[in-house]
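# Residue-level structure breakdown
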Amino acid sequence: MVTDDCPKCRGKRTIMEKDGTVHTCFDCLISGRIDQHDKKIKSAEELRIKL
Ligand SMILES: [Zn+2]
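Presented here is an overview of the structure given in this document. (Residues numbered from 1 in each chain as written. Predicted model: local features only at pLDDT ≥ 70, side-chain atom pairs only at ≥ 80, totals over all residues. Heavy atoms only, no water.)

## Side note on the coordination of the zinc ion
Where we set the bar: For Na, K and Ca the donor cut-off is 3.2 Å, while for other metals it is 2.8 Å, and in both cases only N, O and S atoms qualify; water is not among them, so sites may look incomplete. Geometry assignment treats four donors as tetrahedral when all angles are between 85 and 135 degrees, treats four as square planar and six as octahedral when opposite donors are over 155 degrees apart and all others between 65 and 115, and treats everything else as irregular. Strands are runs of DSSP state E lasting at least 2 residues, helices are runs of H or I lasting at least 4, and numbering of each runs from the N terminus. Between buried and exposed lies partly exposed: a residue is buried under 20% and exposed over 50% of the maximum accessible area for its type, with that area taken using a 1.4 Å probe on protein chains only.
Coordination of the zinc ion by the protein is provided by C6 (SG), C9 (SG), C25 (SG) and C28 (SG), with metal-donor distances spanning 2.2 to 2.3 Å. For the zinc ion, the four donor atoms in the first shell make angles of 103 to 114 degrees at the metal, so the coordination geometry reads as tetrahedral. In the primary structure, the donors to the zinc ion are separated according to the pattern C-x2-C-x15-C-x2-C. In this pair, C9 sits in the segment before β1 (14-16) while C28 sits in helix α1 (residues 26-31), placing the two residues 19 residues apart along the sequence. With respect to burial, C9 and C28 carry one shared label: buried.

## Side note on the nonpolar core
Here is the rule: Here, nonpolar core refers to any group of buried Ala, Val, Leu, Ile, Met, Phe, Trp, Tyr and Cys residues whose side-chain atoms link them within 4.5 Å. When checking whether two residues touch, look at their non-hydrogen atoms; a contact exists if any pair is within 4.5 Å.
Counting residues in each nonpolar core, the largest one holds six residues, listed as C6, C9, I15, C25, C28 and I34. Filtering out sequence-adjacent residues up to four positions away, C6 remains in contact with G11, C25, D27, C28 and R33.

In structure tokens:
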């Protein structure tokens, strides 16, 4: 279920540009709507895999 609390991404937390690039919704990121702690854990795991 998507919460439509952001007019830019409509609750999806990601925005797709016209060229097809998908990136995090900066409005949600700044407003703290995105769970940054969860993202940090994922990036840390990715770093460990790469190292
Ligand atoms: Zn948003």
